[in-house]
There are 2 protein chains.
Amino acid sequence: MDKAYIAQLQKLLKADQVSTSASVLAQHARGESYDHSVMPDVVIFPESTEDVQKVMAFAFEHGIAVTPVAVNSSLEGHTVPLHGGISLDVTRMNQVISFRPEDLLIICQPAMTYPQINEHAKRSGLFFPIDPGAHASIGGMISTNASGTMAVRYGVTADYVMGLEIVTPTGEIIQIGTKARKSSSGYNLTKLYCGAEGTLGVITEVTLKLVGLPEALMAARVPFKSISEASQFVISLIQAGVMVARCELVDANSIRAVNKHYQRSYPEEVTIFLEFQGNPLGIEREAETARELAEAMGAVQFEASRDPKARLELWEARHNLYYASVAAEAGKRNMTTDMAVPISKLAEVIETSISLCENQGFKAYAAGHVGDGNFHLLVFFEDGEEPKLDSLNHDLISLALKAGGTSTGEHGVGLRKLKYMAAEHGPALEVMRQIKLALDPKNIMNPGKKIPAKVV
Amino acid sequence: MDKAYIAQLQKLLKADQVSTSASVLAQHARGESYDHSVMPDVVIFPESTEDVQKVMAFAFEHGIAVTPVAVNSSLEGHTVPLHGGISLDVTRMNQVISFRPEDLLIICQPAMTYPQINEHAKRSGLFFPIDPGAHASIGGMISTNASGTMAVRYGVTADYVMGLEIVTPTGEIIQIGTKARKSSSGYNLTKLYCGAEGTLGVITEVTLKLVGLPEALMAARVPFKSISEASQFVISLIQAGVMVARCELVDANSIRAVNKHYQRSYPEEVTIFLEFQGNPLGIEREAETARELAEAMGAVQFEASRDPKARLELWEARHNLYYASVAAEAGKRNMTTDMAVPISKLAEVIETSISLCENQGFKAYAAGHVGDGNFHLLVFFEDGEEPKLDSLNHDLISLALKAGGTSTGEHGVGLRKLKYMAAEHGPALEVMRQIKLALDPKNIMNPGKKIPAKVV
């Protein structure tokens, strides 16, 4: 495309808001995934909703692709500007607009990260309980419907989004949702924009629900002889009505890597990491119930503590498994999968997945948000193995879909899972396309992501 | 419209699935609201998804309006077949398709009621924690995004809908959502259909998330000298991280009516009804925290118990306020409002609302899901007062919107709130219209509901 439009954009904004410097373009050519990169024509740094509106109205008029980005921690290529055009970097829009502890909500701009939000909220004894790991921006978390280790109790990002301000693909500013804690009014556009991966508009303001910080925490570490036993234990725990706050599975490979890299001696078994949150009496009793259920299921150990230092130690292997496995596979690159399946199928799907990796010669480390049926394989590969890796990815996702699951539990579709959307959604994909076409008639919002073009 | 199409429909289905009897048509002319009624041309009783598809494909071809209905407990005129056409009564589709306790889910047809679902789930120690009051069908609950007394802890219907089978307005069968407990794949159509009030398609199958039944329950009753103190107490309780399961406000008028009708002697004050759910130790401690906070806020009493019989007695006034107020206003009809506002505004909005009612000569009783900022006024009126009532309703909804709230927290828009959608949603209403037009191009699905036509 003719890049003469950039000169016009420069007239709409301040000089430092429009960049075509090679290094800035290169920074915006890709995210954290291993996928290919594409240079945008220009990077724009809006500082307000009005700036975003100017840019979107201009882009709509001229039919220019716009790819929104903030912290850029995406693992799935969401921020790769596939069709060049504008990389719309909202990182300057990172302020709290209004903190209303008496309404248990915070209103902020899209580039605030969730640790920054929590830093703010904790002054009033509140918090936003979604922790996807990377220091992600709230706009990105909403766009992928991110979750993390507390989803088993607190749910996913979408559950906390009360309202959004959006600049639409046609350059209109809309306010969606409400400041009330629930509503049955109008279509639920808020939830439609959660997980839309920037393909339906640009998020310029966010109203988030907050919850009270728990009075006390207790951590536990429970190794099992098999993934199946570990998984059964978790199902029985949830069925028993125990509101466990965190419930993570780490496979034996990962524990071995941690033992080696950090000189530890954890039992080299599949291990469940638990956290209980609540009042001190309540969580003591929950932990006791968990211990009984774990022992009945053949747990190798059950170690638990409320002491802050001991809690960190109990969870150390979970926290450090990424670094340990990267160290164990030094020199290799890695890909992260993100399937989620019905919980009863989780053990079998994880075991089969690891076999599929090993059969094709890839070393894989598994860790999962087991209460949600969501798990990640960290698959290591070397340059040149990408085609084989794609084939493996195909087998893994097919396995999850066959089990009634999804190709992505929390990372989003981005680029690499586009080709599985038809299999996953069937005729519903056409309804999604109708919505995309209705709201973005020129297909300028992050084109080529989330929903595959008709012929794939 | 020419009703010759009915003969064609009779060929598509069994004889007892198509009715034009006057009494059946009259039963399907209105719901539970006081609004006007309109006769459908024909009532159809599908027995399967295939039946629904046949009807929708036919209706799409011929441009015939279709109004879905099941238990018909709507308070907002959702099931009034405004444009005649087909009343699609799915009450025969009321079976469990699959109960999978190991996956904490149940798959059922749309006319199952939530008490029936819970009857089924409790065999495995599970439950579906949404209780809108009337023995509503799950299809209706999804279509209005119903909630009830446990929303403060467990959320709303939409939070439990993992997936849906929908017959679209063009007669396609689509499966949306997933059997995994979370997903970031595709647009979130499931949540879009939650609260769509039958305007985007017909729900033919539902996959619901279940949760573990709590081990123990504790009830409490806490009268306060003012709505403001009562409301402040609830805010402090949630801020303190207490996961109260139910948290209901009942005004002094209602308590007086209960005392009179049932010969009781409850303190005639605004009263908060609490329920704690969890393990016995945890809820004892939660109740203790609640007592401390209530006393600090000037509560008149704090009575609590875990005993089943005592729990019922503690909550009696809450359970019976409807009957008591109807008895107190014998001979009058009533209208229920459904505003929700940011919690910090709740006390002021309730007080102003009651004044507005009294100033216009209406007796009103207030009860609220105070943890959600959602409250209902039961406003009594006599025949001929409808215009004055409409004017009152306008003032009440304007008040809620001005406070940053919504015209409907859980009952849905239906007919009576259509005229407030432009004020509530602003330019976002046009985006809703674009979605409706894209998915229902002939405007045959429950036309005239949820989203007002362009010129209102």
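Residue numbering note: each chain is counted from 1, following its sequence as written. For naming, the first written chain is A and the first written ligand is 1, with later ones following in the order written. In keeping with the predicted nature of the model, local features appear solely for residues at pLDDT of at least 70, side-chain atom pairs appear and are counted solely at 80 or more, and the whole-chain, interface and lining totals rest on all residues. Only heavy atoms go into the side-chain values, all of them from the structure, while hydrogens and water stay out.

(A) Summary view of the overall build of chain A. Looking only at helices and strands, chain A has 16 helices and 18 strands in total. Here the globule rule reads 2.2 Å times residues to the power 0.38, and the radius of gyration is calculated from C-alpha atoms. Against the globule reference of 23 Å for 456 residues, chain A gives a C-alpha radius of gyration of 23 Å, in line with a compact fold. Oriented by its inertia axes, the alpha-carbon framework of chain A measures out at about 70 × 55 × 45 Å. Buried, partly exposed and exposed residues are distinguished by accessible area as a fraction of the type maximum, computed with a 1.4 Å probe on protein chains only: under 20%, between the cut-offs, and over 50%, respectively. With 456 residues in all, chain A has 64% of them scored as buried. Note on contacts: a residue pair qualifies if any of its non-hydrogen atoms lie within 4.5 Å across the two residues. Sequence separation of at least 24 residues holds for 71% of the intrachain contacts in chain A that already meet a minimum separation of 6. By the criteria applied, helices consist of DSSP H or I runs no shorter than four residues and strands consist of E runs no shorter than two, each listed in order from the N terminus.

(B) Structural context of the packing of aromatic side chains. A pair of aromatic rings is counted whenever rings of Phe, Tyr or Trp (Trp by its six-membered ring) have centres within 6.5 Å, and the orientation is called stacked for planes under 30 degrees apart, edge-to-face for over 60 and tilted otherwise. Enumeration according to the criterion identifies 14 aromatic pairs over all chains in this entry. Measuring from centroid to centroid gives 5.6 Å for Y365(A) and F380(A), while their planes differ by 85°, and the two rings are edge-to-face. Within this pair, whereas Y365(A) is found in strand β17 (residues 363–369), its partner F380(A) is found in strand β18 (residues 374–381), the two being separated by 15 residues in sequence. Side by side, Y365(A) and F380(A) carry an identical accessibility label, which is buried. Centre to centre, the rings of Y322(B) and Y323(B) are 5.7 Å apart; their planes meet at 85°, and the pair counts as edge-to-face. By relative accessible area, Y322(B) is classed as partly exposed at 40%. The exposure class assigned to Y323(B) is exposed, which follows from its relative accessible area of 52%. Lysine NZ or arginine CZ positioned within 6 Å of the ring centre and within 35 degrees of the ring normal marks a charge as sitting over the ring. Cation over ring: K388(B) sits above F362(B), and NZ or CZ is 5.1 Å from the ring centre.

(C) Here's a closer look at the interface of chain B and chain A. Between chain B and chain A, the contact holds 88 residues from the first and 88 residues from the second. A 1.4 Å probe defines the accessible area here, and the buried area is the portion of it lost by two parts on being joined, summed over both. Taken together, the two surfaces of chain B and chain A that pack against each other cover about 6,400 Å², and 59% of this comes from carbon and sulfur. For the chain B face of the interface with chain A, the top three residues by lost area are K182(B), S184(B) and Y187(B), together amounting to 15%. Salt bridge, as used here, is a side-chain nitrogen of Lys or Arg placed within 4 Å of a carboxyl oxygen of Asp or Glu. At the surface where chain B touches chain A, the tally comes to six salt bridges. Residue E410(B) is joined to K182(A) by a salt bridge in which the shortest nitrogen-to-oxygen separation is 3.0 Å. Side-chain atoms alone can form a polar contact between residues adjacent in sequence; in general such a contact is a pair of N or O atoms within 3.5 Å, and within protein one must be able to donate a hydrogen while the other accepts it. Applying the counting rule to chain B against chain A returns 40 residue pairs in polar contact (both at pLDDT 80 or more).

(D) Inspection of helix α12 (residues 316–328) of chain A at higher detail. Residue and element names in this part refer to chain A. To estimate the expected span of a helix, count its residues, drop one, and scale the result by 1.5 Å. Look at α12: 17 Å from first C-alpha to last across 13 residues, which is about the 18 Å you get at 1.5 Å a residue. At Y322, α12 shows its strongest bend, of approximately 45°. Turning to α12, its buried residues are E316, A317, R318, N320, L321, A324 and S325. In this structure, the buried residues of α12 make contact with β13 (246–250), α9 (252–262), β14 (270–278), α11 (308–314), β17 and β18. The angle between axes fitted to the seven-residue stretch ending at a residue and the seven-residue stretch beginning at it gives the bend at that residue.

(E) Expanded view of the packing of helix α16 (residues 428–439) of chain A against helix α16 (residues 428–439) of chain B. Note on geometry: axes are C-alpha line fits, over the in-contact stretch for helices, and angles between N-to-C directions span 0 to 180 degrees. One way to put it is that α16(A) packs onto α16(B) with a least axis distance of 9 Å and a crossing angle of 135°. The angle between α16(A) and α16(B) places the two elements in the oblique class. Here α16(A) and α16(B) pass one another in a crossing that is right-handed. Contacts between α16(A) and α16(B) involve V431(A), Q434(A), I435(A), A438(A) and L439(A) from the first element and V431(B), Q434(B), I435(B), A438(B) and L439(B) from the second. Roughly parallel means an angle under 35 degrees; roughly antiparallel means over 145; roughly perpendicular covers 65 to 115; every other angle is labelled oblique. Take the far helix as the reference: if the near one is turned anticlockwise from it by less than a right angle, the crossing is left-handed, and if turned clockwise, right-handed.

(F) Molecular detail of a nonpolar patch on the surface. Among the surface-exposed residues, Y322(B), Y323(B) and V326(B) lie close enough to one another that they form a single nonpolar patch of about 290 Å² accessible area. Secondary-structure assignment places Y323(B) in helix α12 (residues 316–328). Think of a patch as exposed residues, more than 30% relative accessible area, with no salt bridge, where like charges cluster within 9 Å and nonpolar side chains (Val, Leu, Ile, Met, Phe, Trp, Tyr) cluster within 5 Å. Using a 1.4 Å probe, accessible areas were evaluated by the Shrake-Rupley method; residue-level cover was limited to the displayed protein chains.

(G) Seen up close, empty space enclosed by the protein. Residue and element names in this part refer to chain A. Both cavities and pockets are sets of points on a 1 Å grid over the protein atoms alone; in a cavity a 1.4 Å probe fits but cannot get out, in a pocket the set is open with protein on both sides within 12 Å along at least five of seven lines, and lining residues sit with an atom within 4 Å of a point. Grid points are joined across faces, edges and corners, and a volume is the space filled by probe spheres set on the points. In total, this model carries one cavity of 30 Å³ or more according to the counting rule given. Taken as a whole, the largest cavity spans an internal volume of roughly 40 Å³. What lines the largest cavity is simply M335, T336, T337, D338, M339, N393, I397, S407, R416 and K417. When residues of the lining of the largest cavity are traced back to their parent elements, those giving at least two are β16 (333–336) and α14 (386–402). Note on residue categories: nonpolar means Ala, Val, Leu, Ile, Met, Phe, Trp, Tyr, Cys or Pro, charged means Asp, Glu, Lys or Arg, and polar means any other residue, Gly included. For the lining of the largest cavity, the per-class residue count stands at three nonpolar, four polar and three charged.

(H) Geometry of the nonpolar core. Residues enter a nonpolar core if they are buried and are Ala, Val, Leu, Ile, Met, Phe, Trp, Tyr or Cys, with the set joined through side-chain atoms within 4.5 Å. In terms of nonpolar packing, the biggest core is built from 195 residues, with L274(A) and L274(B) touching the most fellow members. Excluding anything up to four places from it in sequence, L274(A) contacts M218(A), A219(A), A220(A), V222(A), F233(A), L237(A), V244(A), R246(A), C247(A), A290(A), F302(A) and W315(A).

(I) Representation of unusual backbone geometry within the structure. Despite not being glycine, N443(A) shows a phi value in the positive range, around 50°. Judged by its relative accessible area of 40%, N443(A) is partly exposed. Look at K450(B): it is not a glycine, yet its phi comes out positive at around 65°. Take K450(B): it is sitting in the segment after α16. The buried category is assigned to K450(B), whose relative accessible area is 0%.

(J) Local environment of the pattern of salt bridges. Overall, the coordinates contain 56 salt bridges over all chains when judged by the stated rule. The partner of R318(A) in a salt bridge is E248(A), and the shortest N-O contact between them spans 2.8 Å. Remark: E248(A) occurs in strand β13 and R318(A) occurs in helix α12; sequence separation between them is 70 residues. The pair R318(A) / E248(A) is uniform in exposure class, with both members buried. Among the ionic pairs, E386(B) bridges to R333(B), the shortest N-O distance being 2.9 Å. Remark: R333(B) occurs in strand β16 (residues 333–336) and E386(B) occurs in helix α14 (residues 386–402); sequence separation between them is 53 residues. For E386(B), a relative accessible area of 24% translates into the label partly exposed. Among the charged side chains, a network of salt bridges with common partners joins K14(A), D16(A), E47(A) and R92(A).

(K) Spotlight on the relation of the copies chain B and chain A. Superposition of the copies was done by least squares, using only C-alpha atoms of residues whose pLDDT is at least 70 in both. Aligned on chain A, chain B shows an RMSD of 0.0 Å; the corresponding rotation is 180° and the shift along the axis is 0.0 Å. Put plainly, the chains are arranged around a two-fold axis. It is G282(B) whose C-alpha, among those of chain B, lies nearest the rotation axis, at 1.7 Å.

(L) Spatial organisation of the packing of helix α13 (residues 346–359) of chain A against α14(A). Residues and elements named next belong to chain A. Where α13 contacts α14, the two axes come as close as 10 Å, and the packing angle between them is 165°. By the criterion of interaxial angle, the relationship of α13 to α14 is roughly antiparallel. For the pair α13 and α14, the sense of crossing is right-handed. In this structure, α13 contributes V349, T352, S353, L356 and C357 to the contact, and α14 contributes L392, D395, L396 and L399. Residue composition of the contact of α13 with α14, by class: six nonpolar, two polar and one charged.

(M) Up close: the sheet that holds strand β3 (residues 66–69) of chain A. Residue and element names in this part refer to chain A. Here, strands pair whenever DSSP counts at least two bridges between them. Ordered by their spatial adjacency, four strands build an open sheet running β1-β2-β4-β3, and the pairing between neighbours is mixed. Every interior strand has two partners, whereas the edge strands, β1 (18–19) and β3, have only one. By the bridge criterion, three bridges tie strand β2 (residues 42–44) to strand β4 (residues 86–89) in an arrangement that is parallel. Each bridged residue has a counterpart across the sheet, and for V43 the counterpart in β4 is S87. Taken strand by strand, helix α1 (residues 5–12) contacts β1, β2 and β4, and its axis lies near 15° from that of β2.

(N) Spotlight on the confidence of the model for chain A. Considering every residue of chain A, the mean pLDDT works out to 96; 99% of them sit at 70 or more. Model confidence for the complex: the whole-complex pTM is 0.97, and ipTM, which rates the interface, is 0.96. The predictor attaches a confidence to each residue, and that confidence, scored 0 to 100, is pLDDT.

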